[in-house]
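Listed below, chain by chain, are the residues.
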Amino acid sequence: MEGMLKPGSFKDKTIIITGGGTGLGRSMGKYLLELGANLVITSRKKEVLDKAAAEMEQETGGKVLAVACDVRKYEEIQNVIKETETRFGKVDAVLNNAAGNFISPTERLSHRAFDIIVDIVLKGTYYTTLAAGKNWIAKKQPGIFLNIVTTYAWTGSGYVVPSACAKAGVLSLTRSLAVEWAKYNIRSNAIAPGPFPTEGAWSRLLPGDLVKKFDPAQRIPLKRVGEHQELANLAAYLLSEYSAYINGEVITIDGGEWLRNGGEFSHLEMIPNEMWDMMEKTRGK
Ligand code: HXC
Ligand code: NAP
């Protein structure tokens with residue numbers, strides 16, 4: 001649960017994190033600050049961002065710029081890039097982390113409810129990517145994208161269908177641009193986290209009594225949820241020069257959750273040893 005990279009790994013590097021004032025974005029940002037990065041955090045709620053920025057600066061001694069930005073508005077993203085360059089000189093990496101989600105049977109969703117999730121997750125990510133990528137290409141600067149997806153980006157999942165559709169699009173964007181923009185020295189990778197407790201995710205995906213009924217840890221072979229520092233270590237590695245040869249990859253960090261729940265016979269873990277003993281004794285009889 002400790003930081004993994006060398007102190008100063010991000011000295012003189014500036015990283016923009018969308019949705020960086022709360023949850024996992026904030027935890028990853030805090031670790032990047034500890035490693036010497038300049039940080040820019042963005043989201044819709046300026047008061048949340050300002051409070052987070054002040055606290056993160058105090059906790060780490062680093063520099064944080066908070067800029068309000070709705071990732072569905074291209075001009076607002078362009079403004080984030082402009083403000084980042086004014087304050088820190090350049091952008092080195094972008095962490096596409098902002099998202100929206102809720103659970104619902106799909107037939108109960110209005111088309112606007114579907115839109116809102118796809119707009120935040122997919123449109124927000126490709127708008128941010130386009131704005132930052134065009135800027136790097138025009139200035140002949142290298143760049144790194146790290147996109148946060150989910151494991152159901154490739155399996156799909158009922159009850160979070162807009163999110164699944166949008167995250168699948170983000171995964172495809174990651175892999176496509178890893179190839180197309182490599183010639184500009186721009187890398188693109190993704191992380192697919194399993195359950196990591198945050199107020200934002202838990203309140204929307206396990207509302208009310210659901211949190212008592214469905215303990216996410218029980219679905220996970222390691223029988224625990226993720227620790228934020230574990231994700232922060234992986235994100236910092238993928239945003240650093242140590243991962244310079246990794247491009248177009250999605251790294252799962254879920255304690256084995258999605259494979260376990262796709263495995264035909266994973267449920268046999270419920271069979272106690274005594275029953276295996278009995279089956280062994282009666283085998284072939
Ligand atoms: C069905 C819903 C709904 C719900 C909203 N809507 N909540 N429909 N079930 N629970 C519908 C509304 O009725 C409306 O449609 C439309 O969606 C827009 O809703 P608003 O409340 O006006 O939108 P807004 O205030 O902009 O809020 C956006 C939001 C909200 C996405 C709904 O939850 C939000 O701000 N989320 C941001 C943070 C977040 O979601 N974090 C969790 C990420 S977790 P109508 O037709 O009535 O106009 C994550 C983890 C994945 O991604 C993997 C975990 C393992
Ligand atoms: P979170 O705290 O709710 O983070 C979501 C962030 O996105 C918030 O800061 C929110 O801020 C921002 N955001 C939402 N709509 C936005 C918009 N239109 N423009 C700009 N910013 C917007 O939840 P989290 O759990 O940390 O999630 C972070 C990322 O991890 C997401 O991509 C999520 O899909 C992914 N993930 C989480 C888990 C988990 O178990 N927690 C698992 C897999 C993947 P505002 O409301 O201020 O805009």
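Residues numbered from 1 in each chain as written. Chains lettered and ligands numbered in written order. Predicted model: local features only at pLDDT ≥ 70, side-chain atom pairs only at ≥ 80, totals over all residues. Heavy atoms only, no water.

Colleague: What's the story with the side chain of Ser-104 in this structure? I'm lost.
Modeller: Here Ser-104 is to be found in the loop between β4 (93-96) and α4 (111-139). Beyond its immediate stretch of four places on either side in the chain, Ser-104 contacts Leu-109 and Tyr-159. (Helix = DSSP H or I, 4+ residues; strand = E, 2+ residues; numbered from the N terminus. Contact = heavy atoms within 4.5 Å.)

Colleague: In this structure, what is going on with the site of ligand 2? I would like to understand it.
Modeller: Neighbouring ligand 2 are 27 residues; Thr-22, Ser-43, Arg-44, Lys-45 and Thr-198 lie closest to it. Within the backbone of Ala-99, a nitrogen or oxygen atom sits 3.3 Å from an oxygen atom of ligand 2. Expressed as a share of its isolated accessible area of 880 Å², the protein-covered part of ligand 2 is 90%. Elements with a contribution of two residues or more to the shell around ligand 2: α1 (23-34) and α7 (199-205). With three residues, α7 is the largest single contributor of residues to the shell around ligand 2. For the shell around ligand 2, the class distribution of residues is 13 nonpolar, nine polar and five charged. (Near = heavy atom within 4 Å. Polar contact = N/O pair within 3.5 Å; in protein donor to acceptor, adjacent residues only side chain to side chain. Areas by Shrake-Rupley, 256 points an atom, 1.4 Å probe, with all protein chains shown as cover. Nonpolar A, V, L, I, M, F, W, Y, C, P; charged D, E, K, R; others polar.)

Colleague: Mind showing me how you'd approach the site of ligand 1 here?
Modeller: In the vicinity of ligand 1 there are 17 residues, among which Arg-44, Asn-101, Ser-110, Arg-112 and Arg-204 approach most closely. Measuring from an oxygen atom of ligand 1, one finds a side-chain N or O atom of Arg-204 at 2.8 Å. Notes on ligand 1: free accessible area 1100 Å², of which the protein chains cover 60%. Where the shell around ligand 1 is concerned, the elements lending two or more residues are α4 and α7.

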